[in-house]
Amino acid sequence: MPNVEEQIRETEEEIKKTTYNKKTQHHIGLLKAKLARLRMEAEKRKSAGGGGEGYSVRKSGNATVALVGFPSVGKSTVLNKITNAESEVAAYAFTTLTVIPGLMEFKGAKIQILDLPGLIKDASKGKGRGREVISVVRTADLVLLMVDVFENNISILLNELHGSGIRINTAKPNISISRRSRGGVNVSFTVSNPRLTERNVKSMLAEFQIYNADVVIRENADEDRLIDAITENRVYLPAFACINKLDLASADAVEKLKKKLADFEPVAISAEKGTGLDELRDRIYEKLRFVRVYMKPPGKEADMKVPLLVKGGCTVGGVCDMLHRDLKKRFRYALIWGPSSRFPGQTVGAEHVMEDGDIITIVARR
Ligand SMILES: Nc1nc2c(ncn2[C@@H]2O[C@H](COP(=O)(O)OP(=O)(O)OP(=O)(O)O)[C@@H](O)[C@H]2O)c(=O)[nH]1
Ligand SMILES: [Mg+2]
């Protein structure tokens, strides 16, 4: 039996040389599922074998942003300019060797920004401490894809992130897979899907040893999306690009690069000269999609002056966690006025999702 790495290479080769058509569709789906399973196995082995200390960063503030880019594009320079941190800056690659956190206060939000060692090709396979860097990126709320005016091959960065299960600017697949203890695999489609068939889905699940499950596919997913739904370690993060060293290129060259990176809505800056930093701060804030929540103590007026800033999708339980360590344990119910309530003063539980402008009263045991 060839080892896992060899099997991965063979499967990659076979996928590459098989052209996709109606006849090969089923076979390719299987190969892709096999490849995803093999990669998971390889990953498990590596982490079991020790393989270096991970970075540990204490999360702080209302949200966390990761600076991801090749070495020397100016990540540390940006961090020093927009936060209170001091991260070493130098003209050689791999100046930053660990995670340096900084705090940016903006419009009432405390935003933690993480400066990271540069990412290079094969980082997802461990090059240049790539694994450790990527594991920090996974925990962020937003990715800032940094390039400079010379180096714009952003696809290398994206491939490394993708290879480690990070999906950028992509919605989570609208596919539910509920495991059962018996009954085989039941597949249903709620929208037409010319790409996947019941047979495809069943055999791809079998590759992951799932033989009993209810699968509901609510989008026109392809094999890759199905694999993402089956594999549990995927994260879905928003991102935008930042082009640095504006001062070293002509306006024309910058425009060209902006067009090329248009999918990532680039912001062009010169960290060293301090150009474009306001736009960068604005964009970071906007992309984090903060939700403002106003607190109303029981029987008193709401404090409409100082909102609590929570992340989009935050629940009432999440608000409790932000207020006090053990509030959630004592939580009984909450009352909500505003956009997320069906009527003013609606009683809700800890799972209720907050919306921008909500007023909340939390009722807890003493
Ligand atoms: N001209 C110019 N140089 C810059 C700018 N920003 C950073 N630099 C220079 O680029 C070099 C690398 O900057 P760093 O901030 O250390 O880059 P980094 O991305 O943190 O690099 P690593 O930590 O090695 O990954 C330094 O010599 C900086 O002075 C800029 O806006 N314009
Ligand atoms: Mg650095």
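**A short note on the site of ligand 1**
Surrounding ligand 1, one finds 23 residues, the nearest of these being Lys75, Ser76, Thr77, Thr95 and Thr96. Measuring from an oxygen atom of ligand 1, one finds a backbone N or O atom of alanine 90 at 3.2 Å. Interatomic distance of 2.8 Å between a side-chain N/O atom of threonine 96 and an oxygen atom of ligand 1. Contact with the protein chains removes 90% of the 660 Å² of surface that ligand 1 exposes when unbound. Of the residues that constitute the shell around ligand 1, the class distribution is 10 nonpolar, 9 polar and 4 charged.

**Describing the sheet that holds strand β6 (residues 175–179)**
Taken in spatial order, the 3 strands of this open sheet run β6-β8-β7, and their pairing is mixed. In this open sheet, the two edge strands, each paired with only one partner strand, are β6 and β7 (185–189). Each adjacent strand pair in this sheet contributes to an overall mean axis angle of 10°, direction not counted. Taken together, the 5 bridges between β7 and strand β8 (residues 213–217) define a ladder with parallel strand orientation. Considered in β8, the bridge of phenylalanine 189 is made with isoleucine 217. Packing of helix α6 (residues 198–207) onto the sheet brings it into contact with β6, β7 and β8, and relative to β7 it is tilted by some 135°.

**What about the sheet that holds strand β15 (residues 346–348)?**
Here 5 strands make up an open sheet; going across it, the order is β13-β12-β16-β14-β15 and the pairing mixed. Both edges of this open sheet fall to β13 (308–310) and β15, since each of them pairs with a single strand only. Strand after strand, the sheet turns through a mean of 35° between neighbouring axes, direction not considered. Pairing analysis gives 3 bridges linking strand β12 (residues 291–295) to strand β16 (residues 358–364), with the strands arranged parallel. In the strand pairing of β16, valine 293 is matched with aspartate 358.

**Some words on the coordination of the magnesium ion (ligand 2)**
Six octahedral donors at a metal ideally form angles of 90 or 180 degrees, and four tetrahedral donors ideally form angles of 109.5 degrees. For the magnesium ion (ligand 2), the protein coordination sphere consists of Ser76 (OG) and Thr96 (OG1), at 1.9 to 2.1 Å. A residue pair is termed long-range when its members are at least 10 positions apart, and serine 76 in helix α3 (residues 75–82) and threonine 96 in the loop between α3 and β2 (100–106) qualify at 20 residues. Accessibility assignment for this pair places serine 76 and threonine 96 in one class, buried.

**Some remarks on the domain arrangement of the chain**
Domain boundaries assigned for the chain yield domain 1 (4–50 + 173–230), domain 2 (63–170 + 235–287) and domain 3 (291–364). Placing the centre of domain 1 and that of domain 3 at their C-alpha centroids yields a distance of 40 Å.

**Quick look at the pattern of salt bridges**
All chains considered together, the criterion is met by 21 salt bridges. For arginine 39, the salt bridge identified is with glutamate 12, shortest N-O distance 2.7 Å. Of this pair, arginine 39 sits in helix α2 (residues 25–48) while glutamate 12 sits in helix α1 (residues 4–17), placing them 27 residues apart in sequence. For glutamate 12, a relative accessible area of 30% translates into the label partly exposed. Close ionic contact of lysine 245 with aspartate 148 constitutes a salt bridge, the shortest N to O distance being 3.6 Å. One end of the pair, lysine 245, is in the loop between β10 (239–244) and α8 (251–260); the other, aspartate 148, is in strand β4 (residues 142–148), and 97 residues separate them in sequence. Because the salt bridges share partners, they merge into one network encompassing Arg37, Glu41 and Glu207.

**What to know about the pairing of strand β1 (residues 63–69)**
Taking burial as the measure, the 7 residues of β1 include 7 buried ones, the bulk of the element. On β1, burial covers both faces: Ala63, Val65, Leu67 and Gly69 on one face and Thr64, Ala66 and Val68 on the other are all buried. Judged from the 4 bridges that link them, β1 and strand β3 (residues 109–115) form a sheet pairing that is parallel. Across the sheet, the residue bridging to valine 65 is isoleucine 113, located in β3. In this sheet, β4 lies alongside β1 in parallel orientation, the contact comprising 5 bridges.

What counts, and at which threshold
- Residues numbered from 1 in each chain as written.
- Chains lettered and ligands numbered in written order.
- Predicted model: local features only at pLDDT ≥ 70, side-chain atom pairs only at ≥ 80, totals over all residues.
- Heavy atoms only, no water.
- Near = heavy atom within 4 Å.
- Polar contact = N/O pair within 3.5 Å; in protein donor to acceptor, adjacent residues only side chain to side chain.
- Areas by Shrake-Rupley, 256 points an atom, 1.4 Å probe, with all protein chains shown as cover.
- Nonpolar A, V, L, I, M, F, W, Y, C, P; charged D, E, K, R; others polar.
- Pairing = 2+ DSSP bridges.
- Helix = DSSP H or I, 4+ residues; strand = E, 2+ residues; numbered from the N terminus.
- Axes fitted to C-alpha atoms, helices over the stretch in contact; angles between N-to-C directions.
- Contact = heavy atoms within 4.5 Å.
- Donors = N, O, S within 2.8 Å, 3.2 Å for Na, K, Ca; no water.
- Buried < 20%, exposed > 50% of the residue type's maximum accessible area, 1.4 Å probe, protein only.
- Domains from an automatic or database assignment.
- Salt bridge = Lys/Arg side-chain N within 4 Å of Asp/Glu carboxyl O.

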